[in-house]
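Results of the structural survey
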Amino acid sequence: MTKKKDITNETYMQTVLRRFRAHRLAKISLVVFVVLCAAALLAPVIAPYDPDEIVGAFSAPPSREFLLGTDQIGRDVFSRLLYATRVSLLVGVLATLISTVIGVVLGLIAGYFGGVADMILMRFTDMVMSFPYILLVLVAAAIFRPGLWSIILILGFVDWPGVARLVRGNVLSLRETNFVKGNLVAGMPLRHILFSEILPNTVAPILVYATSVMALSMLDEAALSFLGMGVQPPTASLGNMLNGAQSITVLTKQPWLWLPPGILIVVLVISINFIGDALRDALDPSGGK
Amino acid sequence: MTKYILKRILIAIPVLIGITVIDYAIMCLAGSPLEMLQGPRISEAAVEAKAIALGLDQPFYVQYFVWLGQLLQGNLGYSIKNYQPVGEMIASHLGPTLLLMGVSLVVSILLAVPAGIYSAIHQYSKGDYTVVTLSFLGSSIPGFFLAMLLIYLFTVKLGWLPSGGMTTLGTNGGFLDVAVHMVMPVIVLAVSMAGTNIRYIRSAVLEILQQDYLRTARAKGIGRFLVINKHALRNALIPIVTVIGMEIPVLFGGSIIVEEVFSWPGLGLMTMTAITNRDYPVIMGVCLLSAVVVLVGNLITDILYAVADPTIQLQ
Amino acid sequence: MELMRVENLKKYYDIRGGIVTHTIGQVRAVDGVDFSIQEGEILGLVGESGCGKSTLGQLLAGLLVPTEGTVYYQGKELSLHPKKRAADGKLALKDVRTEIQMVFQDSYSSLNPRKHVYEILAQPMLYHKLATKDTIEKELKRLLELVGLPSAALSKYPHEFSGGQRQRIGIAKALSLKPKLIVCDEPVSALDVSIQAQILNLILELQKELGLTCLFIAHGLGAVRYVSDRVAVMYLGKIVELGAARELFFHPAHPYTKALTQAVPIPNPTKRPAEEMILQGEAASAVHPPKGCRFHTRCPYARPSCGKEEPGLLPLPHNKDHFVACPYAKQLSQE
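These figures come from a predicted structure and were not determined experimentally.

Here we come to the overall build of chain C. A count of helices and strands for chain C gives ten helices and 13 strands. In terms of overall size, chain C behaves like a compact globule, its C-alpha atoms giving a radius of gyration of 21 Å where 335 residues would be expected to give roughly 20 Å. Judged by the C-alpha coordinates and their principal axes, chain C covers about 70 × 55 × 45 Å. Sequence separation of at least 24 residues holds for 63% of the intrachain contacts in chain C that already meet a minimum separation of 6.

Structure, rendered in structure tokens:
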């Protein structure tokens, strides 16, 4: 009760920022996430060794020379980890971007035009959603040659139904609002109604949803690469670094090979989830706090 | 009510047909299963003969209708790999998977429901923060990584639990043996499901707690315990039903990875093998089965929903 | 001069359902309405909620496509179908789009919460080339002055205003396109009573100053009597009485109008009529409207014949400008 800020005259962005800061775990997560992203981006600068080059003994434990030891063929684990984070983040961001764009476009069409277009699109969404997600991704990964870009495309093309449903629902309710009707009466063109009136009002829920899509696609990339159907070696990804741990020697005797990438996935995904959670609270227009 | 159920089933049928079409289209995109056979030891003529024997020389839509026609007679086709009927293969692997899924579902609900309700009732308390943080952890940890941690801890370090399989080799496995083998797979599946569900149930219960009728109940002087048990929990049933509905596809997907890691002899393991072998009839069969289960699951959820909430309009 | 005339205007909504989805019924929201709006007048439109008055307003504003009926605008037939091109001699909605504007009831939802007032007002004007980048600033300031708001309002977001101020912005938005006809859909019912009067006065002033024509929709007679030149009373999708505001209020001819006028509270208890007519029950369903006169199920004067034949909207013998859809209106008005 030392000082009470006047919150009656703040702008929308100020409100969002204030509410976001109130979420302590999200603040920490954001810092962690930014640091990890920076480390991944600056990998060529930070990494002590070339990630794909054999630089030391096989499976050497962590030492001063190799911070996190070396892998089975003598590559530096720490350097590989930095590059792997890069790849995993790339997969997460691009897959989310693709699925969000597809979802937004289809959701806008279904929601705004309704009728037959809506029915066909929604039935199609039902179909895609009826397949167990991983099964679909696995089948797709088996069909296309596994690799970084195919995994991005696969995840991008599988994740959109949730976004499409979300956008459609929002459009359906926004279409009935008076400000949309008012602009129809004012004779504004369709592109203005869709992109200037409706879309800006669905950005907040899309953003929140996108964080969870990103978390999920990073988890999926890890799972696929772990199963050997995702990013292919020698390119390192957090998932395929864990792939080696399926061998019992690695699992029992060389924890430095599989603990760091595993922990890194958890840290990345959990911080994205916390950031999403805080965004949900912060962007909620009805939240009084 | 009957009308509503009928209507829902009618909506599901085109979706189901669409699923088989998409599914078949994907398979056709995949390329020929004969690629797997090719090698120095097999002559080209033999490959061709095999293609004709499998009906692979016909256009894909013919193959689709042949497959669909057989399907309607209850025939899911034969595995390209080992010539077993797909239906039988699925049937023989279904038991272990259902056991694993069922137990995991029950465990995850036993975890999520009390935790979610506790968290909602004690909103913003230390306990609430702990539960929410743990639930985030649960939904952020990859299943296979958790599995490895568990194996490392319980098998390697402590030696308490077997690392894989359903029964100890050489024995035919009593109830206890199976139960011991199940502990880790169930934990992995249940934790990832509970993670999401705790937060879902928490926010659903929070919403219920803010309703006017609960405020009225409290204002009448009814004790906190009674308010929550008699008024809130009945309404919290609806989100719980939804959660169970959402679980089904997650379970199917999760069990593939869990079965692979723990060599659990179920559908998931069989599917992975089929995927690596491009054994299309088997993959088709599993996809179809899981899609049907998901559809039926959604249908049951919707119906239970309508039963649990009398205000939901059936149209 | 007549600005707009509608003939036999109908809007039915399909009710869909059944196991295989099909149309199982229709809501007859507007069911055969004829009237005209004179240039420069305010025509009030009153009725209970659900009588179809808002649907009628949205039909005239071109937000809905009528099921049946014809609309004439400045003497020419107007096609209300947004996508159709005009046939010979007909007007397309597109041609007159900016000339018919609307003010909504809920001023909060009628302004995009993500835009500040400048964008809300300027975008349509720039799109229709009613102003250029150079003149827009001046135009907007003039517009705000017209509705009684400071020019500082331009840089603010809708949630920073009070309900009354937002309604002023809503009116400014409608005026910005220099319309001839404004449909006001219950513009004051969501506002505090003290603010209501300000907004009503504003509408009156603007109408005089700019020579606007207005369709003023409300659910009670109070506000309508204050602003309207003529008033139409709607019941279950039909107009039951139409006449000059004063005439209609002091000498209501239709039993339903009578009930409505008595529902307006009178401050002085001694001036209240001895015999109050209070309507019983709810309005009948618009899905299955009663046969004959739609009001006969609630009308205290109903006679057996009322349930058989549907009365037309006819002028009273002693006043050709006063229309009533009740064959016994004359007798009733003398009682």
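Our next topic: the overall build of chain A. When its secondary structure is counted, chain A shows 14 helices and zero strands. With respect to the principal axes defined by its C-alpha atoms, chain A has extents near 75 × 60 × 30 Å. Taken over 289 residues, chain A has a buried fraction of 48%. Taking contacts inside chain A between residues at least 6 apart in sequence as the whole, the part at least 24 apart equals 67%.

Two elements in contact, helix α14 (residues 255-283) of chain A and helix α6 (residues 126-140) of chain B, have axes separated by 9 Å at closest approach and are oriented at 125°. Between α14 of chain A and α6 of chain B, the interaxial angle falls into the category oblique. Considering only the axes of α14 of chain A and α6 of chain B, their crossing is right-handed. Judged by residue contacts, V266, V269, I270, N273 and F274 of chain A of α14 of chain A engage F136, L137, S139 and S140 of chain B from α6 of chain B. Tallied by class, residues from the contact of α14 of chain A with α6 of chain B come to six nonpolar, three polar and no charged.

For the rest of this paragraph, the subject is the confidence of the model for chain C. With 90% of its residues at a pLDDT of 70 or more, chain C has an overall mean of 84. In the predicted assembly, ipTM is 0.85 and pTM is 0.81.

This paragraph deals with the environment of G262 of chain A. Considering the arrangement of structural elements, one finds G262 of chain A in helix α14. Given 24 C-beta atoms within a 10 Å radius, G262 of chain A is considered buried. If near-sequence neighbours (up to four positions away) are discounted, G262 of chain A is found in contact with L242 of chain A together with F145 and M148 of chain B.

Time to look at the interface of chain B and chain A. In this assembly, 36 residues from chain B lie in contact with 32 residues from chain A. When residues of the side of chain B that touches chain A are traced back to their parent elements, those giving at least two are α1 (2-29), α6, α7 (143-157), α10 (224-262), α11 (267-277) and α12 (280-308) of chain B. Among the elements that line the side of chain B that touches chain A, the one with the most residues is α1 of chain B, at seven residues. When its residues are assigned to classes, the side of chain B that touches chain A shows 27 nonpolar, seven polar and two charged.

As a general feature of sheets, a regular strand has side chains that alternate between the two faces. Residues and elements named next belong to chain C. Bridging between strand β4 (residues 68-73) and strand β5 (residues 76-79) involves three bridges; their strand directions are antiparallel. Across the sheet, the residue bridging to Y73 is K76, located in β5. Hairpin connection, β4 to β5: the antiparallel pair is bridged by two residues, and Q74 has positive phi, about 50°. Pairing between β5 and strand β6 (residues 91-92): two bridges, direction parallel. Among the inter-strand pairings, S79 is bridged to a residue of β6, identified as A92.

Turning our eyes to something else, we now look at α7 of chain B. Residue and element names in this part refer to chain B. The end-to-end C-alpha separation of α7 is 20 Å, in line with the 21 Å expected for 15 residues at 1.5 Å each. The axis of α7 is deflected most strongly, by about 25°, at I151. G159 lies just past α7 and shows a positive phi near 65°.

The subject of this paragraph is the pairing of strand β3 (residues 42-46) of chain C. Residues and elements named next belong to chain C. Most of β3 is tucked away, with five of its five residues classed as buried. Residues of β3 alternate between two faces, with I42, G44 and V46 on one and L43 and L45 on the opposite face, all of them buried. Bridge count between β3 and strand β9 (residues 213-218): five bridges; the pairing is parallel. Across the sheet, L43 pairs through a bridge with L215, a residue of β9. Alignment of β3 against strand β10 (residues 230-235), held across four bridges, turns out to be parallel. Looking at β10, one finds that V46 is bridged to V233.

To continue, consider unusual backbone geometry. Of note in this structure, Y124 of chain B is not a glycine but carries a positive phi near 65°. By the element assignment, Y124 of chain B lies in the loop between α5 (86-121) and α6. A tally of 8 C-beta atoms within 10 Å means that Y124 of chain B is categorised as exposed. The backbone of L236 of chain C sits at a positive phi, close to 50°, despite the residue not being glycine. Assignment of secondary structure puts L236 of chain C in the loop between β10 and β11 (238-244). Judged by C-beta crowding, with 24 C-beta atoms within 10 Å, L236 of chain C ranks as buried.

Residues and elements named next belong to chain A. Contact pair helix α8 (residues 160-175) / helix α11 (residues 203-226): the axes reach a minimum separation of 10 Å and the direction vectors enclose 165°. Between α8 and α11, the angle is such that the two are roughly antiparallel. For the pair α8 and α11, the crossing hand works out as right-handed. From α8, G162, V163, L166, V167 and N170 reach across to α11, where they touch P205, I206 and Y209. When its residues are assigned to classes, the contact of α8 with α11 shows six nonpolar, two polar and no charged.

Rules and cut-offs
- For every chain, the first residue of its written sequence is number 1, and the numbers climb from 1 along that sequence.
- Labels are handed out in written order, letters beginning with A for the chains and numbers beginning with 1 for the ligands.
- Given that the model is predicted, a residue must reach a pLDDT of at least 70 before its local features are reported, and side-chain atom pairs must reach 80 or more before they are shown or counted; all residues, however, enter totals for whole chains, interfaces and linings.
- Helix numbering and strand numbering both begin at the N terminus, where a helix is a DSSP run of H or I of at least 4 residues and a strand a DSSP run of E of at least 2.
- Computation of the radius of gyration draws on C-alpha atoms alone. For the globule rule, the value is 2.2 Å times the number of residues to the power 0.38.
- What counts as a contact here is a pair of residues whose C-beta atoms, placed from the backbone, lie within 7 Å.
- Three exposure classes are used. Buried residues have 20 or more other C-beta atoms within 10 Å of their own C-beta, exposed residues have 12 or fewer, and partly exposed residues fall in between, all C-beta atoms being placed from the backbone.
- Fitted lines through C-alpha atoms give the axes, limited to the stretch in contact for helices. The angle between two N-to-C directions lies from 0 to 180 degrees.
- Working rule for angles: under 35 degrees goes down as roughly parallel, over 145 as roughly antiparallel, 65 to 115 as roughly perpendicular, anything else as oblique.
- The crossing is said to be left-handed when, going from far helix to near helix, the turn is anticlockwise and less than a right angle, and right-handed when the turn is clockwise.
- Under the scheme applied, nonpolar residues are Ala, Val, Leu, Ile, Met, Phe, Trp, Tyr, Cys and Pro; charged residues are Asp, Glu, Lys and Arg; polar residues are all the others, including Gly.
- One confidence number per residue, pLDDT, is output by the predictor and ranges from 0 to 100.
- Strand pairing is assigned whenever DSSP detects at least two bridges linking the two strands.
- One less than the number of residues in a helix, times 1.5 Å, gives the span that helix is expected to have.
- Bend at a given residue is defined as the angle between two axes, one fitted to the seven residues that end at that position and one fitted to the seven that begin there.

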